[in-house]
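Coordinate inspection notes
Residues per chain, in single letters:
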Amino acid sequence: MKCTALRITLPLFAGWFTVALSAPATAQGPQLRYTVSGDEPGDELGCGLSSLADLDGDGLLDFCAGTHISCGVGYVRAYRGSDGTVLWTRQDTSSNCDEFGVAVELIGDLDGDGMSDLVVGAPQANGDCGKAYLISTQ
């Protein structure tokens, strides 16, 4: 089945978001396929979203979502695009209150392992100077 659209809904401060992949075009439009959620209220999962890439080598597009935890350990999670299964979670456990995950972007293969790499922003890190982390997705 070929997907014809991707819709992401980001309720402000809700800690969850909805991914809707469409079925073949119908009069009703896109149909909800699954929902992924943050671990706790206030995680604001979906604050940072990545572009799409094949992260697990199955030939289908996957995506990453980051959190906006203003005082706590933020995280970025990769999801299988076909069903929303969690592929992996990355955290910055070296610092609290740095807003790790508020900015997330999959980029090309910078380390030569054949997989897209991930840049994650933490704007409050380093005394509010901010940091950007390059993370291998392999």
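Attention in this report is confined to the structure presented alongside it. (Residues numbered from 1 in each chain as written. Predicted model: local features only at pLDDT ≥ 70, side-chain atom pairs only at ≥ 80, totals over all residues. Heavy atoms only, no water.)

A word on the packing of aromatic side chains
Worth spelling out the cut-off: Only Phe, Tyr and Trp rings take part, Trp by its six-membered ring, and two of them pair if their centres are within 6.5 Å. Stacked means planes under 30 degrees apart, edge-to-face means over 60, and tilted covers everything else. Strands are runs of DSSP state E lasting at least 2 residues, helices are runs of H or I lasting at least 4, and numbering of each runs from the N terminus. When accessible area is computed with a 1.4 Å probe and restricted to protein chains, residues below 20% of their type maximum are described as buried, those above 50% as exposed, and intermediate ones as partly exposed. Each ring is checked for a lysine NZ or an arginine CZ that lies within 6 Å of its centre and within 35 degrees of its normal; such an atom marks a charge sitting over the ring.
Evaluation of the coordinates by the stated rule reveals two aromatic pairs. Ring centres 5.3 Å apart and planes at 25 degrees place the aromatic pair Phe 63 and Tyr 79 in the stacked group. With a gap of 16 residues between them, Phe 63 in strand β5 (residues 63–66) and Tyr 79 in strand β6 (residues 75–79) connect regions that are remote in the sequence. With respect to class, Phe 63 is no different from Tyr 79; both count as buried. Taking the centre distance of 5.3 Å and the plane angle of 75 degrees together, the rings of Phe 100 and Tyr 133 count as edge-to-face. Here Tyr 133 lies in strand β10 (residues 131–136) and Phe 100 lies in the loop between β7 (86–91) and β8 (103–107), a separation of 33 residues in the sequence. The ring of Trp 88 carries Arg 90 above its face, with NZ or CZ at 4.2 Å from the centroid.

Re the side chain of Arg 77
To keep things clear, this is the line we draw: Between two residues, a contact is recorded if the distance between any of their heavy atoms is within 4.5 Å.
Along the chain, the position of Arg 77 falls in strand β6. Residues in contact with Arg 77, not counting those within four places in the same chain, are Ser 37, Asp 39, Phe 63, Cys 64, Ala 65, Val 86, Trp 88 and Thr 89.

Description of the environment of Thr 85
For clarity, the cut-off: Counting of polar contacts relies on pairs of N or O atoms within 3.5 Å, with two restrictions inside protein: one atom must be capable of donating a hydrogen and the other of accepting it, and residues adjacent in sequence are counted only when both atoms are side-chain atoms.
Tracing the backbone shows Thr 85 in the loop between β6 and β7. Sequence separation between Thr 85 and Tyr 34 is 51 residues; the distance between their C-alpha atoms is 9.8 Å. Not counting residues up to four positions away in its chain, the partners in contact with Thr 85 are Ala 78, Tyr 79 and Arg 80. Engagement of the side chain of Thr 85 in a polar contact is seen with the side chain of Asp 83, the distance being 2.8 Å.

Some remarks on the environment of Ser 95
Mapped onto the secondary structure, Ser 95 falls in the loop between β7 and β8. The class of Ser 95 is partly exposed, set by a relative accessible area of 24%. Separated by 23 residues in the primary sequence, Ser 95 and Gly 72 place their C-alpha atoms 8.3 Å from one another.

Some remarks on the sheet that holds β5
Here is the rule we go by: Here, strands pair whenever DSSP counts at least two bridges between them.
Strand order across the open sheet formed by four strands is β4-β5-β6-β7, with antiparallel pairing between neighbours. Unpaired on one side and paired on the other, β4 (48–49) and β7 mark the two borders of the sheet. Bridge count for β6 against β7 is five bridges, and the pairing is antiparallel. The partner of Tyr 79 across the bridge, within β7, is Val 86.

Some thoughts on the nonpolar core
We apply this condition: Take the buried Ala, Val, Leu, Ile, Met, Phe, Trp, Tyr and Cys residues and link them wherever side-chain atoms come within 4.5 Å; each set so joined is a nonpolar core.
Within the largest apolar cluster, 14 residues are counted, with the highest numbers of intra-cluster contacts made by Leu 55, Cys 64, Val 76 and Leu 118. Taken together, the elements giving at least two residues each to this core come down to β6, β8 and β9 (117–122). In this structure Cys 64 touches Gly 48, Leu 49, Ser 50, Leu 55, Val 76, Arg 77, Ala 78, Trp 88, Val 104, Leu 106 and Leu 118, once residues within four positions along its chain are discounted. Counting eight residues, the second largest nonpolar core, distinct from the first, contains Tyr 34, Val 36, Phe 63 and Ile 69.

Overview of the pattern of salt bridges
For the record, the criterion: We count a salt bridge whenever a side-chain nitrogen from Lys or Arg sits within 4 Å of a carboxyl oxygen from Asp or Glu.
Scanning the model with the defined rule gives two salt bridges in all. A salt bridge links Asp 39 to Arg 77, with the nearest nitrogen and oxygen atoms 3.0 Å apart. Note that Asp 39 is positioned in the loop between β3 (34–37) and β4 and Arg 77 in strand β6, a separation of 38 residues in sequence. Accessibility expressed as a relative area gives 51% for Asp 39, which makes it exposed. On the basis of relative accessible area, Arg 77 is assigned to the buried category, the value being 9%. Asp 56 is paired through a salt bridge with Arg 80; the nearest N and O atoms lie 2.9 Å apart. Highlighted residues: Asp 56 in the loop between β4 and β5 and Arg 80 in the loop between β6 and β7, separated in sequence by 24 residues.

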